[in-house]
Amino acid sequence: VSDGEMKSRKQCSDGLLKFLACCFVVVFPVLAYFAEERFYSVLASLKFASTKVVELGLDPSDHDFYRYGDQLVQFSTHHVEAHVVDDEFGVEAPGGLKLRRETQYCQWHETRSTSCERCERTVTNSDGTSSTETYDCNCKDVFYYDKGWRSHRINSLLFDQPANHYNPQRDPYPSREVFAGSATAGGVSIADLLQPKHVIAAERPIRWALGGHKYKPTAWDERLEEWWRSWWKQAPVRYDHPAALRELRARDEHKFEYMQDGWFFSPYEMSWTGAGVKLVGQYLEGSLFDWQVGDFFGCTAGDVRVRFHVTDPATVSVVGVLSEHRQMGPDVRIAEDGIAYTWEEFLEHYGASRASQKWAAAPTAQQRYSLTPLGTGFSYHVGMVVMGEMGFENMAEMARWEEKKAVWLSRVGSVLWGAAAAYLTVWLGSLRLAALSIAHIPWNVSGFPLLALGMAGVIEAAVWGILLLSSDYDGNLSKGKVVAIFVLSAALVAATLGS
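Worth saying up front: this structure is predicted, and the values here are computed from it rather than measured.

The rules behind the values
Residues numbered from 1 in each chain as written. Predicted model: local features only at pLDDT ≥ 70, side-chain atom pairs only at ≥ 80, totals over all residues. Heavy atoms only, no water. Salt bridge = Lys/Arg side-chain N within 4 Å of Asp/Glu carboxyl O. Buried < 20%, exposed > 50% of the residue type's maximum accessible area, 1.4 Å probe, protein only. pLDDT = per-residue confidence, 0-100. Helix = DSSP H or I, 4+ residues; strand = E, 2+ residues; numbered from the N terminus. Axes fitted to C-alpha atoms, helices over the stretch in contact; angles between N-to-C directions. Parallel < 35°, antiparallel > 145°, perpendicular 65-115°, else oblique. Left-handed = near helix turned anticlockwise from the far one by under 90°. Contact = heavy atoms within 4.5 Å. Disulfide = S-S within 2.5 Å.

Engineer: I'm lost on the pattern of salt bridges in this one. Help?
Structural biologist: One side chain can pair with another of opposite charge once the charged atoms of both are near each other. Tallied over the full model, the rule gives 22 salt bridges. Linking Glu 393 and Arg 400 is a salt bridge whose minimum nitrogen-to-oxygen distance equals 2.6 Å. A relative accessible area of 45% means that Glu 393 is categorised as partly exposed. Judged by its relative accessible area of 18%, Arg 400 is buried.

Engineer: Sorry, what's going on with the confidence of the model for the protein chain here?
Structural biologist: Atomic detail in the predicted coordinates should be set aside for any region of low pLDDT. Mean pLDDT for the protein chain: 83, with 85% of residues reaching 70 or above. Highest mean pLDDT in the protein chain belongs to strand S15 (residues 304-311) (95); lowest belongs to helix H3 (residues 220-231) (66).

Engineer: Please clarify how the packing of helix H9 (residues 447-470) against helix H10 (residues 479-497) should be interpreted in this entry.
Structural biologist: How two helices pack is summed up by the angle between their axes together with the distance between the axes. Two elements in contact, H9 and H10, have axes whose closest approach is 8 Å; the angle formed by their N-to-C orientations is 150°. Classified by the angle their axes make, H9 and H10 are roughly antiparallel. The two elements H9 and H10 cross, and the hand of that crossing is left-handed. Residues Gly 447, Leu 450, Leu 451, Leu 453, Gly 454, Met 455, Gly 457, Val 458, Ala 461, Trp 464, Gly 465 and Leu 468 of H9 form the contact with H10, whose own contacting residues are Lys 479, Val 482, Ile 485, Phe 486, Ser 489, Ala 490, Leu 492, Val 493, Thr 496 and Leu 497.

Engineer: What is the right way to read the state of the cysteines from this model?
Structural biologist: Cysteine pairs can be linked by a disulfide, which is a covalent bond between their two sulfur atoms. Applying the stated criterion across every chain, the model contains 3 disulfides. With a sulfur-sulfur separation of 2.0 Å, Cys 106 is cross-linked through a disulfide to Cys 299. Measuring handedness by torsion sign, the sulfur bridge of Cys 106 and Cys 299 sits at about 75° and is right-handed. Of this pair, Cys 106 sits in strand S5 (residues 98-124) while Cys 299 sits in the loop between helix H5 (272-285) and S15; the two residues are 193 residues apart in sequence, bridging distant segments of the chain. A residue is classified by how much of its surface remains accessible, and Cys 299, at 14% relative accessible area, is buried. Between Cys 119 and Cys 137 runs a disulfide, and the two sulfur atoms are separated by 1.6 Å.

Here is the structure:
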């Protein structure tokens, strides 16, 4: 690599870094605001719901449902019925609330390593004196390629050897989540509650084995996975019978076949035209006979494999607005108290002497209940399905924790925003520190971290301030705290810039 090319690379990387920093500085405040708004919307909605919710306990009866119709109710149950399907692969999971498809791609990955020698040269300073400086010289690039399964596709056009390490971009069935179209908990429909971030339950992988029974692990990675899941108390692997797989549409369209360990595999088949173009490209880049171990072993670049994870808790706790639905039917009739009963329940309710007369006079109907999310005036609607038996407060705490993880990730991102803003400030020459040169970020200068921290505080305080002004709920924040954080952060920025 020539000295001129190394200089061009540095200028290009510096320009790209400045561009990315500018984009991040502009876009991040908007993302941070929505993350904070979502978090405080969850807090406000759950606080409001806690004053309205009626806890019905474990496996409530129809009498409880009738009594608290059109109210926000919470209950737990061991009776969960659901059915989720992935039509492309014919995967059915009885009892599943959610089915997640995980797609992986066999792709080449390039790693470049640059090694340089240190050389000296004499330069003339602006005052006419000369001095000796060191610089990188005689640089060499070494490229390493490894092939394996990735969760995403890699564009190989910018590789040093794009033809020899070509990555097909086929993506017949990308990763996705599917929720059950119909599901009940304790006989109550919860289909409207099955939404992203409203279902809080562990998932487990599905595998298909004869008889639907667990087989003894043989490979070391299978034994390691089993030990790992037991150590972290994760849900065990679900084993279903292969006969449970419906017609595999993915086989007809993309030649997917079920292999083992829960994986469906589709091989990549290059056309004759594609093979000819690849040979020409290898010849032009000088890699026609440049072979390596990865060319002969493992998967082929372009292969795709898919597996599934199901969320199928045996016990759930649910919360939502209870609504009543009735459908005409001969086997259930509405009594005088407005509740639907079967004939056996009529006998128990009215006694043998009156049951026949009441049954004949009662309208026929089928009574059904459903849960829907509660609108609270905020962007978050209260409606959840949580694995396990618990009360409303524990469910609310789990929902708060899920959102808290997202908002803290955003707050950590504000530190990166501060670093990007400080970098641009240094580049513009606004920061007067010793040994500072334009377009060079002085990581070793003590003033830079302080500037980045101050700017991070300013942007967070600004986001919180806008949130407080645009919302009636302030959560754990107060205007005094926000003003104090903003003033201290701005003072830190001003002190650093003035040093």
